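Descriptive analysis of the structure
Okay, here's what each chain looks like letter by letter:
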Amino acid sequence: MRSVLIAPDSFKGTLTAREVCDIIARAFTDTIPDIKITKLPAADGGEGLCACLEDILGGKREKAEVCGVFGEKMCAEYLMLGDGTAVIETAACAGLPLVGERKNPEKATTFGVGELIADAVNKGAKRILLGLGGSATNDCGAGLAAALGWGFEDKDGNRFVPTGGTLAGVSKIIAPEKPLSVPVTAACDVDNPLFGESGAAYVFAPQKGADEAMVKRLDSGLRHIAEIIKRVLNIDVSKIKGAGAAGGMGAGAVAFLGAELKKGIDIILNAADFDGKAANADLIITGEGRLDFQSVNGKVVSGVAERAARLGKPVIAICGSRGEGAEKIKALGVSELFFSCESEKPFDEITKTCREDLYKTSVEAAKDTLRLLKW
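A short tour of the structure in this document, coming up. (Residues numbered from 1 in each chain as written. Predicted model: local features only at pLDDT ≥ 70, side-chain atom pairs only at ≥ 80, totals over all residues. Heavy atoms only, no water.)

One pass over the full model with this rule turns up 20 salt bridges. Across the pair Lys60 and Glu62 runs a salt bridge whose closest N-O atoms are separated by 3.8 Å. Overall, the relative accessible area of 54% leaves Lys60 in the exposed class. For Glu62, a relative accessible area of 15% corresponds to the buried category. We note a salt bridge from Asp368 to Arg371, for which the minimum N-O separation is 3.5 Å. Of the two residues, Asp368 and Arg371 both sit in helix H12 (residues 347-372), three residues apart, roughly one turn of that helix. Overall, Asp368 belongs to the partly exposed group, its relative accessible area being 22%. Through salt bridges with shared partners, a single network forms among Lys60, Glu62, Asp119 and Lys123. (Salt bridge = Lys/Arg side-chain N within 4 Å of Asp/Glu carboxyl O. Buried < 20%, exposed > 50% of the residue type's maximum accessible area, 1.4 Å probe, protein only. Helix = DSSP H or I, 4+ residues; strand = E, 2+ residues; numbered from the N terminus.)

Shown next, in the form of C-alpha cells:
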C-alpha cells in the first residue's frame, strides 16, 4: 500500500488547512483506492498557527477584548497550551482580512497584539509564541510595545502611539518600568529585512493598501525608527532576517520583547514530527492559496519541500492560484505544480467554487502521480 503525507497551508480567505487536507485526501483516495493518507495541516506564522498547534498539541482557547486594526474594540482569541505557552497570532486583531475595503497601513496599529500578550501573561503564560504573518500594519510593532508600557515621544516630548504613518515623528523611546517577564519566540513567514527594496513597505505594503507615494513614506518611517532603536536601545534591527515580517513587527519583537525570530513552518513541522511521518511516505503533497516568488522564503511550501528534499522524498504542490515567480519553488525540490484556478477570477467567484475546483485539480494530480511515479 502506497503512503501519502499531505501538509498544506490554508488557502487564505477560502479554505482552512484542515479543509485543504480533507479535499486533497478525498480526491486521492477516490482515484487511488489502495492508498494510506496522513494529514498534517500546516501554517507558517500567519493565520492558522493556533489552529495547527491546537490540532497537534491540544490546548485551550482564551478570549480578550482588545483594540482592532484601527483602535476599535473587538474580541480576539489566542491558544494556551498545556505547557504554559500562549500562542498569539498578529492576525487575530491586526490582520488584513479584518479591514475589508478600509486598507490603510499608515493608520493601522498592532496595539491589540500587545494587549493579547498582556492578557496571556496575566492568565499565567510562561512563554509567548507570537505568529507574525497576515498583518494589515506597518508600525514596526510600536503599537504592541505601547500596549506593554513602552513610551514613544515626539520632538516636543509629547507621548503618542506610533502607527506606520507617524513612525517618522518618534524622537525618543522610553523602556517600561516593568519589562515583559516571559520569553518570546516570534514565528516568521518571511525573511525580508526591515526596510529597502526587499523590506516590509516595498514588498508587502501595496497589498495592504499603499500606493507608491505611501510606500516611500512607510519605508522612510521604518528607517527612522530603526535609527532610534539603535541609538536608544543599542540594537541594530536593520540587518536581521525576518525583521520586515508583519510590517516590521519582526524588528519590533526583537527590540521591544527580546524575541527570538524563528521560521513558523519549522515550529509547526517540529511539533508535528514531520520528519517521522515523512520517513514512511512515498509522496508528500503541500500547497498554499497563491504560489509566487514569496513562497520560497519561509512559507509552508518551501519549508515542506526543504524537509522532504533532505529525506529524499518526492514532493508535489497543489495550490489555489499561480503568481509571478511560482516556478522558483521547483529549485527546492517540488517536482510538479497544480493550480485549481489558473485564470484571474474575482474573489467572490473563487469562493463559490473553490472546493469543487480543488477536488478536480487534486484528482488530476492523483492521476499524474500514478503515471509519474509508476504506482
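After that view of the structure, there is still more to cover.
This brings us to helix H7 (residues 212-233). Note: α-helices contain 3.6 residues per turn, so residues at a spacing of three or four share the same orientation. In this model, H7 (22 residues) spans 31 Å end to end at C-alpha, consistent with the 32 Å of a helix rising 1.5 Å per residue. Looking at the buried positions of H7, the neighbouring elements they touch are strand S8 (172-174), helix H6 (200-204) and helix H8 (245-257). Looking one or two places after H7, you find Asn234, whose phi comes out positive at around 60 degrees. (Expected span 1.5 Å × (residues − 1). Contact = heavy atoms within 4.5 Å.)

A word on the pairing of strand S6 (residues 127-131). Across a regular strand the side chains alternate sides, sitting on one face of the sheet and then on the other. Counting buried positions along S6 gives four out of five residues, so the element sits mostly inside the fold. Pairing of strand S5 (residues 85-89) with S6, which is carried by five bridges, proceeds in the parallel orientation. By the bridge assignment for S6, Thr85 is matched with Arg127. (Pairing = 2+ DSSP bridges.)

Let us now look at the packing of helix H1 (residues 17-31) against H12. The N-to-C vectors of H1 and H12 enclose an angle of 45 degrees; their axes lie 8 Å apart at closest approach. What the angle tells us is that H1 and H12 run oblique. Crossing geometry of H1 relative to H12 is assigned as right-handed. Across from Glu19, Val20, Ile23, Ile24, Arg26, Ala27, Phe28, Asp30 and Thr31 in H1, the residues of H12 making contact are Arg355, Leu358, Tyr359, Ser362, Val363, Ala365, Ala366, Lys367, Thr369 and Leu370. (Axes fitted to C-alpha atoms, helices over the stretch in contact; angles between N-to-C directions. Parallel < 35°, antiparallel > 145°, perpendicular 65-115°, else oblique. Left-handed = near helix turned anticlockwise from the far one by under 90°.)

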